[in-house]
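Summary of the model geometry
Now for the letters of each chain:
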Amino acid sequence: MRRKIAEQISRDLGAAAAGDSPRAEIQDRVTRAVAALNLAPGDRDALSKALMDELCGFGPIQPLLDDPSITEIMVNRADRVYVERKGKPSRTAVVFDDDAHVRRIIDRIIVPLGRRLDASTPLVDARLPDGSRVNAVIPPVAIAGPCLTIRKFSAARLTLDDLAGFGSLTPAIAQFLRGCVLARLNIVVSGGTGSGKTTLLNALSACIPDDERIVTIEDAAELKLGQDHVITLEAKRPAVDGTGEVTIRDLVRNALRMRPERIVVGECRGGEALDMLQAMNTGHDGSLTTLHANSPRDAISRIETMALMAGIDFPIRVIREQIGSAVQVLIQQARLRDGSRKITHVTEIAGMEGEKIVMQDIFKFREEPGLSSDGRVQGGLFAMGLRPHFIKKFENVGISLPAEMFSPSYTGGVVRAKAA
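Just so it is clear, the structure is predicted and the values come from calculations on it, not from any experiment. Residue numbering note: each chain is counted from 1, following its sequence as written. A pLDDT threshold of at least 70 governs which residues receive local features in this predicted model, and a stricter bar of 80 or more applies before side-chain atom pairs are shown or counted, although totals over entire chains, interfaces and linings include all residues. With hydrogens and water excluded, all non-hydrogen atoms of the structure serve as input to the side-chain values.

**Quick word on the nonpolar core**
Nine residue types can take part in a nonpolar core, namely buried Ala, Val, Leu, Ile, Met, Phe, Trp, Tyr and Cys, and a core is a set of them joined through side-chain atoms within 4.5 Å. Think of it in three bands: residues with accessible area under 20% of the maximum for their type are buried, residues over 50% are exposed, and the middle band is partly exposed, with areas taken using a 1.4 Å probe on protein chains only. Residues Phe-176, Leu-177, Leu-204, Phe-363 and Phe-394 are the most contacted members of the largest nonpolar core, which totals 45 residues. Runs of E in the DSSP output that reach at least two residues are strands. Runs of H or I that reach at least four are helices, and both are numbered from the N terminus. No other element matches the seven residues that helix α7 (residues 171-182) contributes to this core. We call two residues in contact whenever any of their non-hydrogen atoms come within 4.5 Å of each other. Phe-363 has contacts with Ile-173, Phe-176, Thr-344, His-345, Val-346, Leu-381, Phe-382, Ala-383, Met-384, Met-405 and Phe-406, leaving out every residue within four places of it along the chain.

**Description of the pattern of salt bridges**
Think of a salt bridge as a Lys or Arg side-chain nitrogen and an Asp or Glu carboxyl oxygen that are within 4 Å of each other. If you walk through the whole model with that rule in mind, you get 28 salt bridges. Between Arg-249 and Asp-275 there is a salt bridge, with the nearest N and O atoms lying 2.5 Å from each other. A residue pair is termed long-range when its members are at least 10 positions apart, and Arg-249 in helix α9 (residues 248-255) and Asp-275 in helix α10 (residues 272-281) qualify at 26 residues. Its relative accessible area of 15% is what places Arg-249 among the buried residues. The class of Asp-275 is buried, set by a relative accessible area of 11%.

**With respect to the packing of α9 against α10**
Note on method: axes are straight lines fitted to C-alpha atoms, helices fitted across the in-contact stretch only, with angles between N-to-C directions ranging 0 to 180 degrees. Remark: α9 packs on α10, axes separated minimally by 9 Å, with the N-to-C direction vectors making an angle of 15°. Relative to α10, α9 is oriented roughly parallel. Our pair here, α9 against α10, has a crossing hand that is left-handed. Counting all contacts with α9, which are made through Ile-248, Arg-249, Val-252 and Arg-253, the residues of α10 involved are Glu-272, Asp-275 and Met-276. Side-chain classes are defined by residue name, with Ala, Val, Leu, Ile, Met, Phe, Trp, Tyr, Cys and Pro counting as nonpolar, Asp, Glu, Lys and Arg as charged, and the others, Gly among them, as polar. The residue inventory of the contact of α9 with α10, partitioned by class, reads three nonpolar, no polar and four charged. Orientation is classified from the angle alone, with under 35 degrees giving roughly parallel, over 145 giving roughly antiparallel, 65 to 115 giving roughly perpendicular, and any other angle giving oblique. A clockwise turn of the near helix away from the far one marks a right-handed crossing, whereas an anticlockwise turn of less than a right angle marks a left-handed crossing.

**Focus on the environment of Pro-402**
Along the polypeptide, Pro-402 turns up in the segment after α13 (391-396). Owing to a relative accessible area of 24%, Pro-402 belongs among the partly exposed residues under this scheme.

**Notes on the packing of aromatic side chains**
Any two aromatic rings considered together are summarised by their centre-to-centre distance and by the angle between their planes. Any two rings among Phe, Tyr and Trp, with Trp reduced to its six-membered ring, count as a pair given centres within 6.5 Å; such a pair is stacked if its planes are under 30 degrees apart, edge-to-face if over 60, and tilted if neither. Following the criterion strictly, the structure yields six aromatic pairs and no others. Here the aromatic rings of Phe-176 and Phe-363 are separated by 5.3 Å at their centres, their planes lie at 75°, and the arrangement is edge-to-face. One end of the pair, Phe-176, is in helix α7; the other, Phe-363, is in strand β14 (residues 356-371), and 187 residues separate them in sequence. For the residue pair Phe-176 and Phe-363, the accessibility class agrees, reading buried in each case. An aromatic cluster is defined as three or more aromatic residues linked by ring pairs; in this entry it consists of Phe-176, Phe-363, Phe-390, Phe-394 and Phe-406. A positively charged side chain is recorded as over a ring if its NZ (Lys) or CZ (Arg) lies within 6 Å of the ring centre. The angle to the ring normal must also be within 35 degrees. Its guanidinium or amino end placed over the ring of Phe-382, Arg-366 lies 4.4 Å from that ring's centre, counting from NZ or CZ.

**Brief notes about the sheet that holds strand β4 (residues 123-127)**
The strand order across the open sheet formed by six strands is β3-β2-β1-β6-β5-β4, and the pairing between neighbours is antiparallel. Strand pairing shows two members of the sheet lacking a second neighbour, β3 (88-91) and β4, which therefore form its edges. The average undirected angle you get between the axes of adjacent strands in this sheet is 15°. Judged from the five bridges that link them, β4 and strand β5 (residues 133-137) form a sheet pairing that is antiparallel. Within β5, the residue paired with Leu-123 across the bridge is Val-137. In this description, strands pair whenever DSSP reports at least two bridges between them.

**Considering unusual backbone geometry**
Here Pro-139 and Pro-140 are connected by a cis peptide whose omega angle stands at 10°. Note that Pro-140 resides in the loop between β5 and β6 (147-151). The residue Lys-86 is not glycine, and still its phi comes out positive at about 50°. Secondary-structure assignment places Lys-86 in the loop between β2 (80-85) and β3. Even without being a glycine, Arg-184 presents a positive backbone phi close to 60°. One can find Arg-184 in the loop between α7 and β7 (187-191). The exposure class of Arg-184 is partly exposed, given its relative accessible area of 25%.

**Observations regarding the confidence of the model for the protein**
Per-residue pLDDT for the protein has a mean of 88; in total, 95% of the residues score no lower than 70. Per-residue pLDDT, averaged within each element of the protein, yields its smallest value for helix α1 (residues 2-12) (84) and its largest for β7 (96). For every residue, the predictor assigns a confidence score, pLDDT, that lies between 0 and 100. In the predicted structure, residues 413-420 sits below a pLDDT of 50 and forms 20 contacts with residues beyond four places in sequence or in another chain.

As structure tokens, then:
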């Protein structure tokens, strides 16, 4: 019934897509169509809601998008829809009519953005109007039918204090990381897929002073900075004829000509890593980026590999020297087995020693055996007994940290900055 009425209303609206018509007009047509049916009040309301979701929203998954407790939606095929809540995936009762229904919803997302999806281009990345990240895959790549993955965007801008409240880090380490941003240290956030890298990058970026000019560069714009002096750049896919592509690397190079005081790259995936290192080494202190890696040492290896992807024949020692002088702090983020997302390492990059980049963990997550009564991983971030070399930069911007904060026995709360 829902499908039949939706098709009729779409035909009545003419060649234009239903989503392009005024919502009030669609609502009026839906109300009249449903009122003509002999249905109980509850069924009438449910049908009206389903029709409005189909004609103005994103069909069967619209209620999932509206649910604030859901962080990810995964359509494996028309009759297999999963969601993630509190870091744990579960299957829902939501189903699409068929593969064609899934394709219609995918097209509703990507067509307004000028993206295309067909047999010659079966993969696409996009974003919803609220900033949620979307990935779609169709046959012949997706064997069982169209797949859709939506990483939902949080409307609330989370701060480091919010993350401390969630247990991702301690209040003292939140203040330490805030100091790293204010002291204009170059920071790399690494972690696996879905570990919370972008959320942490957003929280760190929120610590940048309002009077600094910030340029953000992303594949699909997700960062939401509250500062006023912000320029947001987004990569552009090639047109049908293969022209017009603008890559992350192109944007990083261009950003250097825009007089930025901070450069924030949503994620380094390739040769742009070399340009980012060059920027960090040539006066753009306080830059931030993320990358995929499973440990701080793996993150360094990833940066080396990505720098080599730039196609410039540098000796590996030169690249390591660039990393050693450009990056001061590496933050490792992880999703633990209970679904929680936590910082597991705060690591200082302390230059070169021979052919090797010197790294030392300042804070490290120590997991305790067993789970709590509510099934949560137990443990915490502890200091490793090493005072970072860059602590003098904190004092230069008026931030004072107690020496005991870096002692393994330290259990203090918020460490407050002195007035500058």
